[in-house]
Every structure is written in structure tokens, then in C-alpha cells.
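A structural walkthrough
These are the residues of each chain, in order.
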Amino acid sequence: MTTQTVDIVRDVLIETLELSQRPEELDRDTPLFGALPELDSFGVVQLVAALEDRLGILIDDDEFGAELFETVGTLTDFVAGKTGTA
């Protein structure tokens with residue numbers, strides 16, 4: 001996985017969910033779903049759409065569940081796999 005992938009995921013998280021954190025404050029272990037009130041069911045839909053638009057990928061409904069959004073690291077690993085940067 002590239003540093004660029006991590007940076008993109010952090011940027012999309014901050015922009016889409018309008019988080020007050022700076023990118024460097026979101027490390028691989030930063031919890032997401034259940035820890036960020038902004039990441040509710042609507043936030044997940046917005047986040048998936050933003051990642052698809054930014055990265056030119058398609059995320060099928062059956063590919064995402066709570067475990068995907070557990071931490072910044074789990075989300076980044078998934079995105080890296082979809083973009084071939086793993």
C-alpha cells in the first residue's frame with residue numbers, strides 16, 4: 001500500500017464527513033464506525049460514493065460491512081486492494 005492511498009483515504013474521510021481532525025491525526029488504528037458520530041449509515045453511503053468518485057473504483061453493496069469501516073487501516077487496506085496498490 002502506498003502512502004498516497006492512506007493520504008487519499010484520510011482526505012476523503014475528512015472532506016466527506018466534515019471532520020475537524022487533520023489528516024495526520026488519523027492513523028491506521030483510528031476507530032471509525034461506532035466511534036465517529038458522523039459515520040452513521042448515511043455517512044457510510046456518502047463515504048463510499050466519495051471513494052468511488054475520487055479513485056474511479058466500484059464498491060459493491062456486498063463488499064462492505066461494519067468490519068470494513070472498523071479503522072482507518074481496514075478502510076485503507078480495502079481501498080488499496082481495489083486500486084491495486086496493496
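The notes below deal with the structure included here. All values derive from a computational prediction rather than experimental measurement.

**Quick look at helix α1 (residues 3-17)**
Given a rise of 1.5 Å per residue, 15 residues ought to cover 21 Å, and the 21 Å separating the end C-alpha atoms of α1 matches this to within 8%. Within α1 the residues assigned to the buried category are T5, V6, I8, V9, R10, V12, L13, I14, T16 and L17. Structurally, α1 contributes buried residues whose contacts are with α2 (41-55) and α3 (72-83). Immediately downstream of α1, the backbone of E18 shows phi near 55°, a positive value.

**Describing the environment of T5**
Looking at the element boundaries, T5 is found in helix α1. Distance from T5 to G65, taken between C-alpha atoms, is 20 Å for residues 60 residues apart in sequence. Those residues in contact with T5 that lie beyond four places of it in its chain are T76, V79, A80 and T85.

**So, the pattern of salt bridges**
In the structure shown here, the tally under the stated rule is five salt bridges. Among the salt bridges present, the one from E24 reaches R22, with a minimum N-O distance of 2.6 Å. R22 gets classed as partly exposed once you look at its relative accessible area, which sits at 48%.

**Observations concerning the packing of α1 against α2**
Contact geometry for α1 and α2: axes closest at 10 Å, N-to-C directions at 135°. As summarised for this structure, α1 and α2 are arranged oblique, according to the angle between their axes. The way α1 lies across α2 gives a crossing that is right-handed. Within the contact between the two elements, α1 uses I8, D11, V12, L13, E15, T16 and L17 and α2 uses G43, Q46, L47, A50, L51, R54 and L55. Grouping the amino acids of the contact of α1 with α2 by side-chain chemistry returns eight nonpolar, three polar and three charged.

**Some thoughts on unusual backbone geometry**
Even without glycine at this site, E18 takes up a positive phi of about 55°. Residue position: E18 is located in the loop between α1 and α2. Judged by relative accessible area, which is 69%, E18 ranks as exposed.

Thresholds, definitions, all that
Residues numbered from 1 in each chain as written. Predicted model: local features only at pLDDT ≥ 70, side-chain atom pairs only at ≥ 80, totals over all residues. Heavy atoms only, no water. Helix = DSSP H or I, 4+ residues; strand = E, 2+ residues; numbered from the N terminus. Expected span 1.5 Å × (residues − 1). Buried < 20%, exposed > 50% of the residue type's maximum accessible area, 1.4 Å probe, protein only. Contact = heavy atoms within 4.5 Å. Salt bridge = Lys/Arg side-chain N within 4 Å of Asp/Glu carboxyl O. Axes fitted to C-alpha atoms, helices over the stretch in contact; angles between N-to-C directions. Parallel < 35°, antiparallel > 145°, perpendicular 65-115°, else oblique. Left-handed = near helix turned anticlockwise from the far one by under 90°. Nonpolar A, V, L, I, M, F, W, Y, C, P; charged D, E, K, R; others polar.

By themselves these figures say nothing about function.
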